[in-house]
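# Results of the structural survey
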Amino acid sequence: MARTVSVRVVGFTDVERHSLRTLLRLSEGREIAYLPWEGGGTPDLTLIDSQSYEAVLELESPSNAGLRMIWIGDGQPSQAVLCFPRPVDWAAVSGTKSV
């Protein structure tokens, strides 16, 4: 039985957002399917671009206490479960990079 994980994306350029949505769609039909968060309720995971204004708002909002996040860029907060530096190596993030 497939498990779904809703993913909210905060910040990023238009090109990066398009790439992220493509990666999420490619997971459909797999054991774990990552779907774009459509609002309502709380997302299972949030990808946050540290260079965006929204990143600061997400960190300071009391409603986001316990938010599971992957932080992209500098200034990793303690609550981030993963952090990747910029420039983003999308192959490493998606696990498709060959060794």
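Residues numbered from 1 in each chain as written. Predicted model: local features only at pLDDT ≥ 70, side-chain atom pairs only at ≥ 80, totals over all residues. Heavy atoms only, no water.

## Some remarks on the environment of Trp37
Selection rule: The numbering of helices and of strands both runs from the N terminus, where a helix is a DSSP run of H or I of at least 4 residues and a strand a run of E of at least 2. Two residues qualify as a contact provided that any one of their heavy atoms is within 4.5 Å of a heavy atom in the partner residue.
Locating Trp37 in the fold gives a position in the loop between strand E2 (32-36) and strand E3 (45-49). Linking Trp37 and Arg8, residues 29 residues apart in sequence, is a C-alpha distance of 5.0 Å. Discounting chain neighbours no more than four positions away, the residues touching Trp37 are Ser6, Val7, Arg8, Thr42 and Pro43.

## Here's the deal with the environment of Gly73
Tracing the chain through its elements places Gly73 in the loop between strand E4 (69-72) and strand E5 (80-84). Taking the C-alpha atoms as reference, Gly73 lies 8.7 Å from Ile48; in sequence the two are 25 residues apart. Beyond its immediate sequence surroundings of up to four residues, Gly73 is in contact with Ser50, Cys83, Phe84, Pro85 and Arg86.

## Here's the deal with the nonpolar core
The tendency in soluble globular proteins is for nonpolar side chains to be buried as a group. Selection criterion: Put simply, buried Ala, Val, Leu, Ile, Met, Phe, Trp, Tyr and Cys residues joined by side-chain atoms within 4.5 Å make one nonpolar core. Using a 1.4 Å probe on the protein chains alone, a residue whose accessible area is under 20% of its type maximum counts as buried, one over 50% counts as exposed, and one in between counts as partly exposed.
Counting residues in each nonpolar core, the largest one holds 12 residues, listed as Val5, Val7, Val9, Phe12, Leu20, Leu24, Leu45, Leu47, Ile70, Ile72, Phe84 and Val88. If you list the elements that add at least two residues to this core, you get strand E1 (3-10), helix H1 (14-26), E3 and E4. The element best represented in this core is E1, accounting for three residues. Once you skip the residues sitting within four places of it in the chain, Ile72 turns out to touch Phe12, Ile48, Asp49, Ser50, Phe84, Arg86 and Val88. By size, the runner-up hydrophobic cluster in this structure holds seven residues, among which are Val10, Ile48, Leu67 and Ala80.

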